[in-house]
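# Architecture at a glance
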Amino acid sequence: MSWSKKATVAYHFIEAANDEYFKELNLSFNALLKSEDSSGTFDSGQSHFYWKINSKVDIAETDTFFISVVKEKSAWPVWYSEEDGIAEIPLHDGALGELYYAIINPESRFILCLAAAGGGPVGAFKKFLNEFSKDGSVKLTPLFEDKIDILTLSWDFYKKIAVSVNFPSYEYQSEFMASKEGSLMKLIDELGGLKADITISAPKQKQNLNASQIKEIAKALLVNDFCSKLVLKGSDNDGEEIQEFDLKNAQVKYKEMIEISGSYMVEDEALPILKRAFNDRSHDLIHLSE
């Protein structure tokens, strides 16, 4: 039985404190592909992850790798039958998880990722890439239309920030609440909600928000999978025309409807989507990263 899904591919650039990281990452991926086992595991917070370097992808002049990451689920669906009723899913070995796919090019420093079903692939791959970092400094920066992130984050004056977050489950909400930006939304946790909208503004003519704090919060929320709106309102200089942009709407994404033949999106279904997403923005990915 097949089923339809809207596949959404996110585009990011990889940032690290040391340029040697990218050379070492490329060497590590190549060595893993040549080894008997190109997979591994790691823990982050209360979450357990499994990863696998699947193959190289021939889409650029430099090495591009096709990678799977699975985040173990702490809460599962149930198993049931009319005769025996409701019970846990009978697993003889292993666990259930959220599956994510990506293509990563260490030299051009880009990553394209998507979720096979649900969950947040960007956060999972950021954790994965930091497993190969000595200082844990790896960050993922989205690709934006018209470099709108550079424009808004260079402003000297901010009049408003508006944020919307929407979590698929309490597991993802609790992970967000542990971060600095999550502490700003403690009320959603205290009230037991999964969605929040918050707007902070400086309505008086000569009043402005704290620019350095706005930039720090915005940079963190830009790469958060569950932040669906991030509006900044401000200007370069006091007295200039005020502008307003939703950075989440300006973030480049590739979308298409696909038919999935089994119970989950397999590698042979995911890779062509990632290739088409790359072809759609190859000029931006190769040239902006140089």
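Calculation rules
- Residues numbered from 1 in each chain as written.
- Predicted model: local features only at pLDDT ≥ 70, side-chain atom pairs only at ≥ 80, totals over all residues.
- Heavy atoms only, no water.
- Patch = residues over 30% accessible without salt bridge, like charges linked within 9 Å, V, L, I, M, F, W, Y side chains within 5 Å.
- Areas by Shrake-Rupley, 256 points an atom, 1.4 Å probe, with all protein chains shown as cover.
- Salt bridge = Lys/Arg side-chain N within 4 Å of Asp/Glu carboxyl O.
- Helix = DSSP H or I, 4+ residues; strand = E, 2+ residues; numbered from the N terminus.
- Contact = heavy atoms within 4.5 Å.
- Core = buried A, V, L, I, M, F, W, Y, C linked by side-chain atoms within 4.5 Å.
- Buried < 20%, exposed > 50% of the residue type's maximum accessible area, 1.4 Å probe, protein only.
- Phe/Tyr/Trp six-rings, centres within 6.5 Å; stacked < 30°, edge-to-face > 60°.

The grouping of V78, Y80 and I86 at the surface amounts to a nonpolar patch, some 390 Å² of accessible area in total. Mapped onto the fold, I86 is located in strand β6 (residues 85-88).

Here we come to the side chain of K71. One can find K71 in strand β4 (residues 65-72). In this view, K71 contacts S47, H48, F49, L96, G97, E98, Y100, E171, Y172 and E175; residues no more than four positions away in its chain are not counted.

To continue, consider the nonpolar core. I104, F125, F128 and L129 are the most contacted members of the largest nonpolar core, which totals 54 residues. Setting aside anything within four residues of it in sequence, one finds L129 in contact with I14, Y21, L25, I104, I111, V138 and L140. Formed by 27 residues, the second largest nonpolar core is a distinct cluster that contains F110, Y254, I258 and F278.

Before going further, it helps to examine unusual backbone geometry. Even without being a glycine, R109 presents a positive backbone phi close to 65°. By the element assignment, R109 lies in the loop between β7 (97-105) and β8 (110-115). With a phi angle near 55°, D146 is a residue other than glycine that sits in the positive phi range. A relative accessible area of 73% places D146 in the exposed class.

Our next topic: the packing of aromatic side chains. In total, this model carries 14 aromatic pairs according to the counting rule given. Geometrically, the ring pair formed by F167 and F226 is tilted, given 5.8 Å between the ring centres and 50° between the ring planes. Here F167, found in the loop between β10 (157-166) and α4 (170-177), pairs with F226, found in the loop between α6 (211-222) and β12 (227-235); they are 59 residues apart in sequence, far enough to count as distant. Of the two residues, F167 and F226, neither departs from the other in class, the shared state being buried.

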